[in-house]
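This is what each chain is made of:
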Amino acid sequence: MPEEFEGGGDILEISLEKIESLLEADYGISGRSIGLLLLQEDEEITALVKSREPENYKLIAEIVDHTKEHYHEPLSYIISLRRQEETNNILDRALEYQPAIGLSLREKLSRIMISSLTGIPILLVILYYGIYKFVGKFGAGVLVDFIEKNIFEKNINPWVNQVFTSIIPWHLLRELFVGEYGMITLGVRYAVALIFPIVTTFFIAFAIIEDTGYLPRLALLIDRVFKKIGLTGRAVIPMVLGLGCSTMATMVTRTLPTKRERIIATILLALAIPCSAQLGVILSLLAGTSIGLWIWAGVVGLVFLFIGFLSSKVLPGDSPSFYMEIPPLRLPKLFNVFIKTYSRVKWYFAEIFPMFILASIMIWIGQLTGLFTIFIRVLEYPVRWIGLPDKAAVAFLFGFFRRDYGAGGLYDIKEAGLFSTNQLVVACVTLTLFLPCIAQFLMNVKERGWKTGVAISVFILFFSFFVGFLLNSIFSILGVSL
Amino acid sequence: MNIVNKLLKGFKSTGHCLAPQEKSSGGNLDKIAIVGSPNVGKSMLFNCLTGTYVAVSNYPGTTVEVSRGRAKIGEREFEVVDTPGMYSFLPISEEERVARTLLLEEKPNIVIHIVDAKNLERMLPLTLQLIEARLPVVLVLNIIDEAEKIGMKINLGHLERDLKIPVVATVSTTGRGIDVLKGRIEEYARRI
């Protein structure tokens, strides 16, 4: 590179030395590092130096500009090129044998997963067996049935009822524990009989998928679709995590490089990504009607793409380019899967359990003061607009607390035989899109600020019912009866 | 945590690297920061050293928040900090920025740069940047078993001499090399 040597010296090195001698404050790292970062125009460091070197900053900035003009390529490129050269020199000495890496089986498998022709069928197989069969059918079906019917209805509920009837003579107080919305008969039952098996099976499936290294490959696969809506494939990770818990996923949106991507991802997470427990309950609710399941998936998927597309048009900013580290495919380690599932379930449970109990208490107070009835009355209007029975208002009120709690409400209504299949599909779609839970709302506010956080929620409140209304209207206009 | 810790204890005796957490009240502990690009085993190494559990994943971007724990190495107790993934000292994403800010502001006594031994070529530039910044770096070539499996041979002595820092080969999932690493940290800490 002849351009580096002019007048017998390396301009980059000379500039570096000059900058170094001009730095007076202590930065905790070497002046050379600071100098290199300044030359590469790192915003944070530039601002830092500007504030700490009031006298010399102007001179330093001049040197940076001068050096930049000297090279055709960006300085960051030149600098990393040199570093790579140094690395290669060191490795020439230290690497005694570097095998020529051919296409191993792993690599072949990896390519099959990424190519859209073969990748999409693989994705469908994983979704079908990993999520639908294992979480929806086994977790939300078999396990929930067993715990709910055999353990709660046959053993715990009658026993608890009896105990509380004998120790608490006042009907009103008893309602708090064992009533229709009681702490034990509703709160504990939802947490233990409904959410626990679903979340556990989901986290097991998720941990296995995660540890194989499939997710980054999925990201590459979906990158193309995402680019159209202004996101990069990198955003797949928060989205997929969102299937576990959208609150956690909203935090992970921090890994997205631009503000625009972070906001779009936050909206999509709040609107169109159901969380694990909600997903499980919904899959089991719709398990009896495969057309219903397809309609639900289709509508939610369309909303996802539509809103993502719209927000990419409305929110200013460049479409980001995609880069990502692809880890090797690995066989998951049983111990790691186990301990990861354990710690996630534990965390999830610690999160929801107090919330469910608190919800029971608030509903109880609401019933005493009459507020509960008022809320239900108000919610009955939109619920009627989307063609659902009044009773469904309770599920939506639950949905304000948590998505999974709301889904639990739907589960009870379906078990009571109050839904037609049409209504069930409309209810599932609306509740999937419905408001994020309180925790996610708080996270949105924390990560994106008050204005954005509140705006997202208000938008979702109206939008979810609008879609439900639309779907219901389409059903009745076309005379569809599922 | 009890069940996990019990399990961990069980695994310790079978040679697994996770050891029960030691708690003690020390004021200003020496600090060890773990840095490296995503997916090389930072969190697993953190678990190994501290015995506490952070979720370990096979995809980039899992550690967004900084986790902290304590580790007893030799006679000394250290505070161990696990950072979000970092490819270069010139950050592109917010997680990288978090990692760098941590290095700048917390002035760790030891910086463990953990890399995937198979991909030295791509990862060594960050080591060079850390050394250049005059941070007290220990280089850990993790997942050395996978490198060996494909027939790679790395001369650690040469690397140490060229870089002038301690270099250790480990497999953090099985605990291989962790004791050596602890020894090197101890030795290194004595000099600071």
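Residue positions are counted from 1 within each chain, in the order its sequence is given. All chains are assigned letters beginning at A, and all ligands numbers beginning at 1, according to the order in which they are written. Totals for whole chains, interfaces and linings use all residues, but because this is a predicted model, local features are given only for residues with pLDDT of at least 70 and pairs of side-chain atoms are given and counted only at 80 or more. Only hydrogens and water are set aside when side-chain values are computed; all heavy atoms of the structure are taken into account.

Novice: Requested: an account of the overall build of chain A, with residues and values cited.
Specialist: Helical segments are the DSSP runs of H or I of at least four residues, strand segments are the runs of E of at least two, and each set is numbered from the N terminus. Each helix and strand in chain A was counted, giving 22 helices and three strands. Each residue gets one of three labels from its accessible area relative to the maximum for its type: buried under 20%, exposed over 50%, partly exposed in between, using a 1.4 Å probe on protein chains only. Looking at the 482 residues of chain A, the share that counts as buried comes to 54%. Using the Shrake-Rupley algorithm and a 1.4 Å probe, accessible areas are obtained, with residue cover drawn only from the displayed protein chains. When the accessible surface of chain A is summed, it comes to about 22,200 Å², and 67% of that surface belongs to carbon and sulfur atoms.

Novice: Let's hear about the pairing of strand 1 (residues 30-35) of chain B: which residues, and what values?
Specialist: Residues and elements named next belong to chain B. With respect to burial, strand 1 is a largely interior element, six of its six residues being buried. Every second residue of strand 1 is oriented toward a common face, with D30, I32 and I34 on one face and K31, A33 and V35 on the other, all of them buried. If DSSP finds at least two bridges between two strands, the strands pair. As paired strands, strand 1 and strand 3 (residues 76-82) are joined by five bridges and run parallel to one another. Bridging across to strand 3, D30 finds its partner in F78. Of the pairings in the sheet, the one linking strand 1 to strand 4 (residues 110-116) comprises four bridges and is parallel in character. Opposite V35, over in strand 4, you have H113 as the bridge partner.

Novice: I'd like to hear about helix 2 (residues 42-50) of chain B, residue by residue, with values.
Specialist: Residues and elements named next belong to chain B. Judged by how many residues are buried, helix 2 sits mostly within the fold: nine of nine residues are covered. By the burial criterion, the buried members of helix 2 are K42, S43, M44, L45, F46, N47, C48, L49 and T50. Immediately beyond the C-terminal end of helix 2, within one or two residues, lies G51, with a positive phi of roughly 80°.

Novice: So, the nonpolar core: which residues are in play, and what are the values?
Specialist: For soluble globular proteins, nonpolar side chains are generally found buried alongside one another. In this description, a nonpolar core means a group of buried Ala, Val, Leu, Ile, Met, Phe, Trp, Tyr and Cys residues linked to one another through side-chain atoms lying within 4.5 Å. Counting residues in each nonpolar core, the largest one holds 106 residues, and the members touching the most others are W296, Y348, L388, F396 and Y405 of chain A. Per-element accounting of this core gives the leading share, 12 residues, to helix 9 (residues 183-212) of chain A. Pairs of residues are marked as contacts when any of their non-hydrogen atoms sit within 4.5 Å. Look past the residues within four positions of Y405 of chain A in its chain and what remains in contact with it is L186, Y190, F356, A359, S360, I363 and F398 of chain A. Membership of the second largest hydrophobic core comes to 82 residues, among which are V64 of chain A together with F89, L128 and L135 of chain B.

Novice: How would you sum up the side chain of S30 of chain A? Please name residues and give values.
Specialist: Tracing the backbone through its elements, the reader meets S30 of chain A in the loop between helix 1 (11-22) and helix 2 (31-39). For S30 of chain A, a relative accessible area of 2% puts it in the buried group. Polar contacts, as counted here, are pairs of nitrogen or oxygen atoms within 3.5 Å of one another; within protein the pair requires one atom able to donate a hydrogen and one able to accept it, and residues that are adjacent in sequence qualify only if both atoms are side-chain atoms. Among the polar contacts listed, one links the side chain of S30 of chain A to the backbone oxygen of E132 of chain B, at a separation of 2.5 Å. Each residue touching S30 of chain A, except ones within four places of it in the same chain, is listed here: E132, A133 and R134 of chain B.

Novice: Give a detailed account of the packing of aromatic side chains, specifying residues and quantitative values.
Specialist: For any pair of aromatic rings, the description rests on two quantities: the centre-to-centre distance and the angle between the ring planes. Residues and elements named next belong to chain A. Note on ring pairs: Phe, Tyr and Trp rings are taken, using the six-membered ring of Trp, and paired if centres are within 6.5 Å. Classes follow the plane angle, with under 30 degrees stacked, over 60 edge-to-face and the rest tilted. For the coordinates displayed, the defined rule picks out 25 aromatic pairs over all chains. For the ring pair F134 and F138, a centre distance of 5.7 Å and an interplane angle of 15° mean the geometry is stacked. Taken as a pair, F134 and F138 lie in helix 7 (residues 116-167) at a separation of four residues, close to a single helical turn. A relative accessible area of 27% means that F134 is categorised as partly exposed. Residue F138 is classed as partly exposed on the basis of its relative accessible area of 35%.

Novice: Give a detailed account of the sheet that holds strand 3 of chain B, specifying residues and quantitative values.
Specialist: Residues and elements named next belong to chain B. With mixed pairing, six strands are arranged side by side in an open sheet as 2-3-1-4-5-7. At either margin of the open sheet sits one strand with a lone partner, and together these are strand 2 (67-73) and strand 7 (167-169). Adjacent strand axes in the sheet meet at a mean angle of 25°, parallel and antiparallel pairs treated alike. Angular values range over 0 to 180 degrees, each being the angle between N-to-C directions of two axes fitted as lines to C-alpha atoms, with helices fitted over their stretch in contact. Sheet strands in contact with helix 4 (residues 120-132) are strand 1, strand 4 and strand 5 (137-142), and its direction is about 165° off that of strand 4. Contacting strand 1, strand 2, strand 3, strand 4, strand 5 and strand 7, helix 7 (residues 178-191) crosses the sheet at an angle of about 150° to strand 4.

Novice: Give me the lowdown on the pattern of salt bridges, citing residues and values where you can.
Specialist: Whenever Lys or Arg places a side-chain nitrogen within 4 Å of a carboxyl oxygen from Asp or Glu, that contact is recorded as a salt bridge. A complete count under the given rule lists 31 salt bridges over all chains for this structure. Across the salt bridge formed by D412 of chain A and R189 of chain A, the nearest N and O atoms sit 2.9 Å from each other. With a gap of 223 residues between them, D412 of chain A in helix 19 (residues 403-415) and R189 of chain A in helix 9 connect regions that are remote in the sequence. In this structure, the salt-bridge partner of E148 of chain B is R176 of chain B, at a minimum N-O distance of 2.9 Å. Taken together, the residues E148 of chain B in helix 5 (residues 144-149) and R176 of chain B in the loop between strand 7 and helix 7 connect sequence positions 28 residues apart.

Functional significance is not addressed by these values, which are geometric in nature.
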